[in-house]
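# What the coordinates show
In case you want the letters, here they are:
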Amino acid sequence: MKPAIKALFTSAVFYLAGVLSVHGQALPHRAGILSEEFLYLEADFPQCHSATILELQGGELLCAFFGGTRERHPDVEIRLCHKKPGGSWSAPVSIADGVQADGSRLPTWNPVLFQPKNGPVYLFYKVGPSPSKWWGMVKTSTDGGKTWSDAKKLKEPIIGPVKNKPVQLANGIVLSGSSTELNGWKCHIERSEDQGKTWSFIGPLNDGRSIGAIQPTLLTYGGDSIQLLARTKFEEKGYIAESWSFDQGLTWSKMKATNLPNNNSGIDGVTLRDGSQLLVYNHSTRTQPGMGHKGRGVLNVALTKNGRDWDAALVLDYIDEPEKQFSYPAVIQTADGLVHIVYTWHRKRIKHVVIDPSKLETYPIKNRKWPIDQIPLITSKDAQ
């Protein structure tokens, strides 16, 4: 192993081990975390962002993200890593880019991996100069992400999921949370009754003025009840917005604020097999003191049974330093019942955390305040 790579590996191991214990003693408020790792330590691109994760039949994991010189740079491409059960993550490889027919390049954005029951693996992503001027693209794979079809542009107004994975209902209907940023931030639903081959457009669900919201995640509550949670465009009093459907996503309630804060950054959630809902998000506002870069210095896990009353479970990462951040999480529950979370680590790497949800210790969130006396903010420096 080259000395530079060995040094990076050693620092990563000590960092991750340090977060789990202080002076060799396990931290009780970290209960439930089984492992923490980076997908890679070095790559041929300096920045990365917006990860998505998928479990294949047999337990292999796929994780995609965009990487390049920096967000919005034309050289940004969609990268993919594989991890077989018991193995390590493979090196990232490019699976989609923004090269146009005339040879010019545009940046790619926000990949989303999804596989409907008995269907191929879908890779949705965006191409364009900015989120207000991008369009949706899709590729498919029938061999577990080893090879991919040619890229296909989605026919507007369909643009595919903007950040978070679609959900498939018990009757096979697929609902994809999506959004647009031209003339206000507006959420909508894309609905498929044929395994993702064709889609219908439902929305917009908000006017983009009283509430500007994007990048929805969808949680199912049994029957026909579905909750949409979304990022909002506010500064000092930011909040996660919600809307509800009780007819399999055909109609939605008026969007309103939840009792969880938001710092104008991405969130993601998953419905667990026991019926509870797990959300990964920055429990902060954009201007909140002590919460790092634009409120992205802390990344949290919370749980709910009813979508209204939330309990704090974990602080995944915390740092209060300029330009450093933990953001844009993606979360799934795998066939073995464990929860896998991937997220942006300072725009330099993608971090992967595995949680046993049965071992989580939770405390009520009251008045949008994190119960810091029971689940404190622990940094790697505290753990040394």
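The structure displayed is predicted, hence computed values, not measured ones.

### So, unusual backbone geometry
Going from Glu156 to Pro157, the amide bond is cis rather than trans, its omega being 15°. Cis geometry marks the peptide bond from Gly203 to Pro204; its omega dihedral reads 5°. Position of Pro204 among the secondary structure elements: in the loop between strand S15 (200-202) and strand S16 (213-220). One non-glycine residue with positive phi stands out, namely Asn264, at about 60°. Note on placement: Asn264 falls in the loop between strand S19 (256-261) and strand S20 (268-271).

### Describing the pattern of salt bridges
The final tally for this structure, using the stated rule, is eleven salt bridges. With its nearest N and O atoms 3.0 Å apart, the salt bridge here joins Lys165 to Asp268. Taken as a pair, Lys165 in the loop between strand S11 (152-153) and strand S12 (167-168) and Asp268 in strand S20 lie far apart in primary sequence, 103 residues in all. Exposure remark for Lys165: the relative accessible area of 18% places this residue in the buried category.

### Looking at the packing of aromatic side chains
Overall, the coordinates contain twelve aromatic pairs when judged by the stated rule. Centroid distance Tyr40 to Phe65: 5.9 Å. Interplanar angle 25°. Geometry classified as stacked. You can see Tyr40 sitting in the loop between strand S3 (33-38) and strand S4 (47-55) and its partner Phe65 sitting in strand S5 (residues 61-68), a full 25 residues away along the chain. Residue Tyr40 is classed as buried on the basis of its relative accessible area, which comes to 6%. Residue class for Phe65 comes out buried when judged on its relative accessible area of 0%. Ring centres 5.0 Å apart and planes at 45° place the aromatic pair Tyr221 and Trp244 in the tilted group. With Tyr221 in the loop between S16 and strand S17 (226-232) and Trp244 in strand S18 (residues 239-245), this pair connects stretches of sequence that are 23 residues apart. For the pair Tyr221 and Trp244, a shared accessibility class is recorded, and that class is buried.

### Some words on the pairing of strand S21 (residues 277-281)
A large share of S21 lies buried, amounting to five of its five residues. Taking every second residue as pointing to the same face, both faces of S21 are buried, with Gln277, Leu279 and Tyr281 on one and Leu278 and Val280 on the other. Relative to S21, S20 runs antiparallel, the two being bridged by four bridges. What sits directly across from Thr271, in S21, is Gln277. Connecting S20 to the next strand, S21, in antiparallel fashion are five residues, including Gly275 with a positive phi near 95°. Here S21 pairs with strand S22 (residues 298-304) via five bridges, running antiparallel. By the bridge assignment for S22, Leu278 is matched with Leu303.

### Examining the sheet that holds strand S10 (residues 135-141)
As summarised here, the arrangement of the four strands in space is S8-S9-S10-S11, forming an open sheet in which the pairing is antiparallel. Either end of the sheet is taken by a strand with one partner, and the two such strands are strand S8 (108-114) and S11. When strand S9 (residues 121-127) meets S10, the two strands line up antiparallel, connected through seven bridges. Residue pairing for S10: Phe124 is matched across the bridge by Val138.

### Observations concerning the side chain of Ser130
Structurally, the position occupied by Ser130 is in the loop between S9 and S10. For Ser130, a relative accessible area of 11% puts it in the buried group. Leaving out residues up to four positions away in the same chain, Ser130 has contacts with Arg72 and Trp109.

### So, empty space enclosed by the protein
Rolling a probe over the atoms, with the probe sized like a water molecule, indicates the empty space that remains. For the structure on display, the rule yields one cavity of 30 Å³ or more. Roughly 40 Å³ of internal volume is contained in the largest cavity. Every residue along the wall of the largest cavity is listed here: Ala51, Thr52, Ile53, Lys163, Asn164, Lys165, Asp268, Ala330, Val331 and Ile332. Broken down by secondary-structure element, the contributors of at least two residues to the lining of the largest cavity are S4 and strand S24 (326-333). When its residues are assigned to classes, the lining of the largest cavity shows five nonpolar, two polar and three charged.

### Here's the deal with the sheet that holds S21
As summarised here, the arrangement of the five strands in space is S20-S21-S22-S23-S27, forming an open sheet in which the pairing is antiparallel. The open sheet has two edge strands with one neighbour each: S20 and strand S27 (363-364). With two bridges joining them, strand S23 (residues 310-318) and S27 adopt antiparallel strand pairing. Of the residues in S27, the one forming a bridge with Ala312 is Tyr363.

### Quick notes on the pairing of S23
Counted residue by residue, S23 has eight buried out of nine residues, so it is predominantly covered. As paired strands, S22 and S23 are joined by seven bridges and run antiparallel to one another. Each bridged residue has a counterpart across the sheet, and for Ala302 the counterpart in S23 is Ala312.

### Structural notes on the environment of Lys186
Following the sequence through the fold, Lys186 ends up in strand S14 (residues 186-192). For Lys186, a relative accessible area of 23% puts it in the partly exposed group. Each residue touching Lys186, except ones within four places of it in the same chain, is listed here: Ser178, Ser179, Thr180, Pro204, Asn206, Asp207, Gly208, Ala213 and Ile214.

Analysis parameters
Residues numbered from 1 in each chain as written. Predicted model: local features only at pLDDT ≥ 70, side-chain atom pairs only at ≥ 80, totals over all residues. Heavy atoms only, no water. Helix = DSSP H or I, 4+ residues; strand = E, 2+ residues; numbered from the N terminus. Salt bridge = Lys/Arg side-chain N within 4 Å of Asp/Glu carboxyl O. Buried < 20%, exposed > 50% of the residue type's maximum accessible area, 1.4 Å probe, protein only. Phe/Tyr/Trp six-rings, centres within 6.5 Å; stacked < 30°, edge-to-face > 60°. Pairing = 2+ DSSP bridges. Contact = heavy atoms within 4.5 Å. 1 Å grid on protein atoms, 1.4 Å probe; cavity = no way out; pocket = protein on both sides within 12 Å on 5 of 7 lines; lining within 4 Å. Points joined across faces, edges and corners; volume = space filled by probe spheres on them. Nonpolar A, V, L, I, M, F, W, Y, C, P; charged D, E, K, R; others polar.

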